[in-house]
Amino acid sequence: MKTVITVVGKDTVGILAKVSGKCAEYNVNIIDVTQSILQGMFCMIMIGDVDKLTSSFGDFALDLEKFGDTIDMKIHVMHEAIFNSMHRI
Amino acid sequence: MVNTKDILETISMIDNENLDIRTVTMGISLLDCIDPDIDKACEKVYKKITTTAKNLVPVCCEIERELGIPIINKRISVTPVALLLGACKNKEPIKFALTLEKAAQTVGVNFIGGYSALVGKGFAAGDKELIESIPEALSKTEHICSSVNIGSTKSGINMDAVALMGKIVKQTAELTKDNNCIGAAKLVVFCNAPEDNPFMAGAFHGVGEADCVINVGVSGPGVVRAALAKKSANLDLTGVSELIKRTAFKITRMGQLVAKEASSRLGVPFGIVDLSLAPTPAVGDSVAHILEEIGLESCGACGTTAALAMLNDAVKKGGVMASSRVGGLSGAFIPVTEDAGMIAAARSGALCIEKLEAMTAVCSVGLDMINIPGDTPPEVISAIIADEAAIGMINSKTTAVRVIPAIGKTVGEELSFGGLLGSGPIMKVNTNSPAKFISRGGQIPAPIQSLKN
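Being a predicted model, the structure only gives us computed values, none of them experimental.

**Remarks on the sheet that holds strand S5 (residues 151-152) of chain B**
Residues and elements named next belong to chain B.
Point 1. Taken together, the 3 strands give an open sheet; going across it, the order is S5-S6-S16, and neighbouring strands pair in antiparallel fashion. Bordering the open sheet on either side are S5 and strand S16 (443-444), each of which pairs with just one other strand.
Point 2. Against the sheet, helix H7 (residues 159-175) makes contact with strand S6 (156-158) and S16, and its axis sits at roughly 50° relative to S6, the strand it touches most.
Point 3. Sitting on the sheet, helix H14 (residues 378-395) is in contact with S5, S6 and S16, with an inclination near 155° to S6.

Quick look at the structure:
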């Protein structure tokens, strides 16, 4: 199962390192990363493999989203299925 | 692989445009709980609901968490209780009401619907007793929703039931007058009621349905409005309709995904997705604002019916391809107190009941969540129901009436229910008396369009 992690906020040093560090804690393998600056905002999308997750998906998602608040970034952790379902026939 | 733009679009829909799943409703048949002894029947009902729906709320929360999409309400609909009551020697329907309330609290759902009777062509055993108990049932419970079907295209309109329902609506409001007459907000009178509707107050589990199913109602007026605001500036109405279709497709895909997940995790068959645009009082989640985005100064202006007809049709066309099974009410809702734009239009006088009645001919349901003066006579309420039912009967569509007589208040004042039910001004009603028409009773015969065979 894959998850889509989006990180949006003001650009600062070390965002990628901090978020991927958190993913590593939960044994989430990052398969793909894309990042850009949209209208002055830093915007990163990571695709992670959560098959070997060390906790429940819910706990991982909640923890990462809370972690986002501590570094002033808005983080969403969502199942890939929702995007495939909405944007693919 | 999904591209960045699509991912950000989905997230923006949820974060900024109020996209959510309005309800996951588990339909449960109570036909196997019928018993001549009402206490035994209640025992079976409680056991069946609390066993079947035991995991409904936790599973929905899990899906919510995993997919990142809010599921606002978790609900249950059951077989119309009048069918169970008919078999009981001792007709005390309130016992069923209290049992349903207890079961709803045990499983933690937001609402339970099905305190209902289907009397389109006459009253069977238990029907009248159930209907007469509705005011008491809704005043003594918190989670129960009640509905009565008084007609259909196939059967015509049961005017005896229409006359009775005028009184019942009024009594329900009176018994809950200390709580903003909220009982009447949980009671709806239908013509052509669907058997698989996931939305309250009209949800019940039809007798033709399977033992247990999962039905899902989507929301998303905010998403449609935002899409129109961003992209429709230079479009003609064909283009606007296409844009609404594409947006409705995306909204419904979300509903389909949640329905499939809920169905497989609960081990319960998937019933339908209701292709709905269900507003909430939250800013930016209004059907009226979509109509205004299309080009009306205010909802209620001339042109409202045409714009709503196009919106309703486009929602269905976009949604139907996105789901393997659709049903329920499917279309745009226009509940006045639940829609910020409608509330504003009603307050300013741009929107009146007569215009709302015209709008109901082309949208999903009927006169919904309308506050009327507390001194409105029961026969006027009955006549409102009759008018609405006639629109449904002739046009082979569902129509309904959910009006709230604001006891002790009149035009110019407001009622506030809180939560999804919202608040709104008391609207003027034409008080020329229909008393003689209503007191005649009898049946308006089924129209010629019923003879399709």
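**A closer look at the pattern of salt bridges**
All names here are of chain B.
Point 1. With the rule as written, the count across this model stands at 22 salt bridges over all chains.
Point 2. Linking lysine 95 and glutamate 92 is a salt bridge whose minimum nitrogen-to-oxygen distance equals 3.5 Å.
Point 3. Between glutamate 293 and arginine 225 there is a salt bridge, with its nearest N and O atoms 3.2 Å apart. Of this pair, glutamate 293 sits in helix H10 (residues 287-294) while arginine 225 sits in helix H8 (residues 221-231), and the two are 68 residues apart along the sequence.
Point 4. Taking the relative accessible area as the measure of exposure, glutamate 293 reaches 30% and is therefore partly exposed.
Point 5. Owing to a relative accessible area of 25%, arginine 225 belongs among the partly exposed residues under this scheme.
Point 6. Sharing partners across several salt bridges, the network here consists of Glu62, Glu66, Glu261 and Arg265.

**What to know about the interface of chain A and chain B**
Point 1. The interface of chain A with chain B comprises 26 residues on the first partner and 25 residues on the second.
Point 2. For the pair chain A and chain B, the summed buried area comes to about 2300 Å², and 70% of that belongs to carbon and sulfur atoms.
Point 3. Of all residues in chain A, Ile82, Met86 and His87 of chain A give up the largest surface area on contact with chain B, accounting jointly for 27% of the area buried on that side.
Point 4. Taken together, the connections running from chain A to chain B amount to 1 salt bridge.
Point 5. Close ionic contact of glutamate 65 of chain A with arginine 65 of chain B constitutes a salt bridge, the shortest N to O distance being 3.1 Å.
Point 6. If you look at where chain A meets chain B, you find 7 residue pairs in polar contact (both at pLDDT 80 or more).
Point 7. Looking at the side of chain A that touches chain B, the elements that each hand over two or more residues are strand S1 (2-9), strand S2 (29-38), strand S3 (41-49), helix H2 (57-70), strand S4 (73-79) and helix H3 (80-87) of chain A.
Point 8. With 7 residues, H3 of chain A is the single largest residue contributor to the side of chain A that touches chain B.
Point 9. Grouping the constituent residues of the side of chain A that touches chain B by class yields 15 nonpolar, 8 polar and 3 charged.

**What about the pairing of strand S2 (residues 71-78) of chain B?**
Residues and elements named next belong to chain B.
Point 1. For S2, the buried fraction is high: 7 of the 8 residues fall into the buried class.
Point 2. Direction of pairing for strand S1 (residues 21-28) relative to S2: parallel, over a ladder of 7 bridges. When the sheet's bridge partners are listed, methionine 26 is paired in S2 with isoleucine 76.
Point 3. Sheet analysis places S2 next to strand S3 (residues 111-118), joined by 3 bridges and oriented parallel. What sits directly across from arginine 75, in S3, is phenylalanine 111.

**A short note on the packing of helix H9 (residues 237-266) of chain B against helix H11 (residues 304-322) of chain B**
All names here are of chain B.
Point 1. Between H9 and H11, the least distance of the axes is 7 Å, while the angle of their chain directions is 45°. Here H11 runs oblique to H9, going by the angle between their axes. Once H9 is placed against H11, the crossing between them reads as right-handed. Across the interface between the two elements, Leu237, Val240, Ser241, Ile244, Lys245, Ala248, Phe249, Thr252, Arg253 and Gln256 of H9 pack against Met310, Leu311, Ala314, Val315, Lys317, Gly318, Gly319, Met321 and Ala322 of H11.
Point 2. Residues that form the contact of H9 with H11 fall into these classes: 11 nonpolar, 5 polar and 3 charged.

**Quick notes on the domain arrangement of chain B**
Residues and elements named next belong to chain B.
Point 1. In terms of domains, chain B is made up of domain 1 (25-191) and domain 2 (219-447).
Point 2. Domain 1 puts 45 residues into the contact, and the matching count from domain 2 is 50 residues.
Point 3. Here domain 1 and domain 2 share an interface that buries about 3600 Å² over both sides, 71% of which is from carbon and sulfur atoms.
Point 4. Summed over the three residues of domain 1 that lose the most area to domain 2, namely Ile157, Met159 and Lys170, the buried surface amounts to 18% of that side.
Point 5. Summed over the shared surface of domain 1 and domain 2, the number is 2 salt bridges.
Point 6. In this structure, glutamate 62 and arginine 265 form a salt bridge, with 2.9 Å as the shortest nitrogen-oxygen distance.
Point 7. Taken together, domain 1 and domain 2 are joined by 17 residue pairs in polar contact (both at pLDDT 80 or more).
Point 8. If you list the elements that add at least two residues to the side of domain 1 that touches domain 2, you get helix H3 (56-67), S2, S6, H7 and strand S7 (187-191).
Point 9. The element that contributes the greatest number of residues to the side of domain 1 that touches domain 2 is H7, accounting for 11 residues.
Point 10. Residue classes in the side of domain 1 that touches domain 2 are distributed as 25 nonpolar, 10 polar and 10 charged.

Criteria and cut-off values
- Residues numbered from 1 in each chain as written.
- Chains lettered and ligands numbered in written order.
- Predicted model: local features only at pLDDT ≥ 70, side-chain atom pairs only at ≥ 80, totals over all residues.
- Heavy atoms only, no water.
- Pairing = 2+ DSSP bridges.
- Helix = DSSP H or I, 4+ residues; strand = E, 2+ residues; numbered from the N terminus.
- Contact = heavy atoms within 4.5 Å.
- Axes fitted to C-alpha atoms, helices over the stretch in contact; angles between N-to-C directions.
- Salt bridge = Lys/Arg side-chain N within 4 Å of Asp/Glu carboxyl O.
- Buried < 20%, exposed > 50% of the residue type's maximum accessible area, 1.4 Å probe, protein only.
- Buried area = accessible area lost by both parts, 1.4 Å probe.
- Polar contact = N/O pair within 3.5 Å; in protein donor to acceptor, adjacent residues only side chain to side chain.
- Nonpolar A, V, L, I, M, F, W, Y, C, P; charged D, E, K, R; others polar.
- Parallel < 35°, antiparallel > 145°, perpendicular 65-115°, else oblique.
- Left-handed = near helix turned anticlockwise from the far one by under 90°.
- Domains from an automatic or database assignment.

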